[in-house]
Amino acid sequence: MRSTGFRRTFAAIGVCSLALTAAACGSGDDSASGKTRITVNCQPPKSAKVDRSFFDSDVAAFEKKNPDIDVVTHDAFPCQDPKTFDAKLAGGQMEDVFYTYFTDAKHVVDINQAADLTPYIKELKSYDTLQKQLRDIYTVDGKIYGIPRTGYSMGLIYNRKLFQQAGLDPDKAPTTWAEVRADAKKIAALGNGTVGYADYSAQNQGGWHFTAEMYSQGGDVVSADGKKATIDTPQGHAVLQNLHDMRWTDNSMGSKQLLVINDVQQLMGSGKLGMYLSAPDNIPILVKEKGGNYDDLALGPMPGGQGTLIGGDGYMFNKHDTPAQIRAGLKWLDNMFLTPGSGFLGDYARAKKSNAPVGLPEPRLFTGAADAKDQQVKKANSNVPVQNYQAFLDGNQSLQMKIEPPDAQQIYSVLDGAVSAVLTKKDANIDQLLKDASGKIDGILARG
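So, here's what we can say about the structure. Once a new chain begins, its residue numbering starts again from 1 and follows that chain's sequence as written. With the structure being a predicted model, the display of local features is reserved for residues of pLDDT at least 70 and the display and counting of side-chain atom pairs for 80 or more, all residues being used for whole-chain, interface and lining totals. Only heavy atoms go into the side-chain values, all of them from the structure, while hydrogens and water stay out.

In DSSP terms, a helix is any run of H or I states spanning at least four residues, a strand is any run of E spanning at least two, and both are numbered starting from the N terminus. With respect to the secondary-structure elements, Pro82 resides in the loop between strand S2 (69–73) and helix H3 (85–90). Relative accessible area decides the class of each residue, using a 1.4 Å probe on protein chains only: under 20% of the type maximum gives buried, over 50% gives exposed, and in between gives partly exposed. For Pro82, a relative accessible area of 59% gives the class exposed. As a C-alpha pair, Pro82 and Tyr101 span 19 residues in sequence and 9.9 Å in three-dimensional space.

Right, let's get into the packing of aromatic side chains. Centre-to-centre distance and the angle between the planes together describe a pair of aromatic rings. Aromatic contacts are taken between Phe, Tyr and Trp rings whose centres are within 6.5 Å, Trp giving its six-membered ring; a plane angle under 30 degrees counts as stacked, one over 60 as edge-to-face, and the others as tilted. Counted under the stated rule, the structure contains 13 aromatic pairs. Pairing Tyr200 with Trp208 gives two aromatic rings, centres 6.3 Å apart and planes at 35 degrees, and the pair type is tilted. Using a relative accessible area of 4% as the deciding quantity, one classes Trp208 as buried. Centre to centre, the rings of Tyr315 and Trp332 are 5.7 Å apart; their planes meet at 85 degrees, and the pair counts as edge-to-face. One end of the pair, Tyr315, is in strand S11 (residues 307–317); the other, Trp332, is in helix H12 (residues 323–336), and 17 residues separate them in sequence. Note on Trp332: relative accessible area 0%, which makes it buried. Taken together, the ring pairs in this structure connect Phe55, Tyr99, Tyr101, Tyr315, Trp332, Phe337 and Phe344 into an aromatic cluster. Across from the ring centre of Tyr127, 5.1 Å away, lies the NZ or CZ of Arg135, which sits over that ring. Each ring is checked for a lysine NZ or an arginine CZ that lies within 6 Å of its centre and within 35 degrees of its normal; such an atom marks a charge sitting over the ring.

Right, let's talk about the layout of surface pockets for a bit. Each pocket or cavity is described by its volume, and for the largest pocket that value is around 1800 Å³. A cavity here means a set of 1 Å grid points, computed over protein atoms only, where a 1.4 Å probe fits but cannot escape. A pocket is an open set with protein on both sides within 12 Å along at least 5 of 7 lines, and lining residues have an atom within 4 Å of a point. Forming the walls of the largest pocket are 50 residues, and the residues nearest its centre are Thr103, Glu404, Pro405, Pro406 and Asp407. If you tally residues by element for the lining of the largest pocket, the top one is helix H4 (residues 105–110), at four residues. By the convention adopted, Pro, Cys, Tyr, Trp, Phe, Met, Ile, Leu, Val and Ala count as nonpolar, Lys, Arg, Asp and Glu as charged, and the other residues, Gly among them, as polar. Residues belonging to the lining of the largest pocket are distributed by class as follows: 23 nonpolar, 16 polar and 11 charged. Grid points are joined across faces, edges and corners, and a volume is the space filled by probe spheres set on the points. Put simply, the second largest pocket is a space of about 350 Å³. If you list the elements that add at least two residues to the lining of the second largest pocket, you get helix H5 (132–135), strand S6 (146–153) and helix H16 (390–396). Within the lining of the second largest pocket, the residues separate by chemical class into nine nonpolar, seven polar and three charged.

With mixed pairing, four strands are arranged side by side in an open sheet as S8-S9-S7-S10. The open sheet terminates on both sides in strands that have one partner only, identified here as strand S8 (195–197) and strand S10 (297–300). When the angles between neighbouring strand axes are averaged without regard to direction, this sheet yields 25 degrees. In short, DSSP must find at least two bridges between two strands for them to pair. Pairing of S8 with strand S9 (residues 273–278) involves two bridges; the strand directions are parallel. Directly across from Val195, in S9, lies its bridge partner Leu273. Lines are fitted to the C-alpha atoms to define the axes, a helix being fitted only along its stretch in contact, and any angle between axes, read from their N-to-C directions, falls within 0 to 180 degrees.

The following block contains the structure:
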C-alpha cells in the first residue's frame, strides 16, 4: 500500500493518461532543436495549486540552468494507477522518466521495461548520499534500475491529550504490544465513545496492517524465496490474538469494525481515538482535513521492537531512452528532489511560507553530511512540534526496515478476511483462519 498523504498537501499526483499517444509520452530526443527532451510524470494536479506552482517553477529553473534539456511534464491522478500501469508500459506509452512505488521495481525489470542506469549512475551526484536500503530496492541482480525519491516507515500515532486524561505519560509511547494493549484499555475506560486503539480491516488495508504487525514482531508474510506463505506461525497467531483480545476481552477497540483509513483518521482527528498505526504523513491530514491539532498528536516507533514496514516511491527510466535522455533525467532528479534543503521536496523555507507543515520526521532519504544538512534546514524552518516525533526517530534506529511482500494487494485481500473475522466474530478460530489464508496465499504465489 502507499502511504496516505503525499508530501505536504495532497495524497497522490500525476501520470500521463492512457489516452495520450505513445509519441506524447515517450518523446525521444528533439534533434531539430539541439535539445534533449524528456517526458516526466507526477506533476501535481491543478487542484493542488501550491504544489503545482512549486513544481512548475522548479522545472523552469532547471531548464534555465540547463538550456540543452527540455522537460515535458505530465499530470493526472494518481501518480501511478495500478490498473493502467502495465498497459502503459506494454503499449509504449510510458514517460521517459516515470514514477513507481517501491513494490513496482522488480516487476518492471522482470517484464523488461526498465533502462539499466548502472553505466550512468556516477553522473547522479546524490546517489551515494541516499540511504542504502532505499537504493537497494531499485537494484536487481547487481544492476541499478531506479532512484528512490521518498521513503516512509510505519509507526504509532497517539493522542497526547487522551494519554494525559487516562493517567499515562504523553512523552512515553508504548513500545511493546502488551503496552499498547494496556494503554488502549485505560484510554477506552474514559468512556464517552473513546476508542483506545483502532485498526483497519477492509479494502486490503487490514492485510496491509497485518503485514506491518507481523514485521513488528520479527515475522514475515512470505518466505525469502517468495514461494510460500509464512503467516501460520507464532507471530501470525500473536497478531490476530492480540487484535481479538483488545476487541473482545478489553473492549478497547470499539464496537464498530470493518474500518478503513478515513474512518480511523476521522476518529483521531475528532479526539476520540488513542492510537493507530500509520506513517508520519498522516499527521498533516489529521490536522488539515480531520480537525486535529499538531500539539495533541505524537508519533512513537512501531511497537514490538523487531521491524517496521517501509514504503515510498522513486523514478525509473523507460527502456527506450537514449543515453542522452538518461543523463538528462538523472540531472533533473538531482536538481528536483535529491539536493538536501532545496528543490521540490527540500525547500523547507518555501514550504513554511506557504503554511505547509515542516518538521515531520520523514522522509529521511539521506545519510551522513547530506542528512545533517537536510535536517538542519528542516529544523530551522520547522512549524510543527518536532519533539513529539523524537521517539519515532530514536526507535527506528534499531528496527529492521522491510518492504511489502510480492503480489501485495492480492495477499492483503486474503489477509483482510482473517483480520476482519477476529474483529467481528468473538468465536473466530485463529488457527483455522491462518491455515486457510496460508493456502490461498500459496496459490497466489504459485501463479505469480
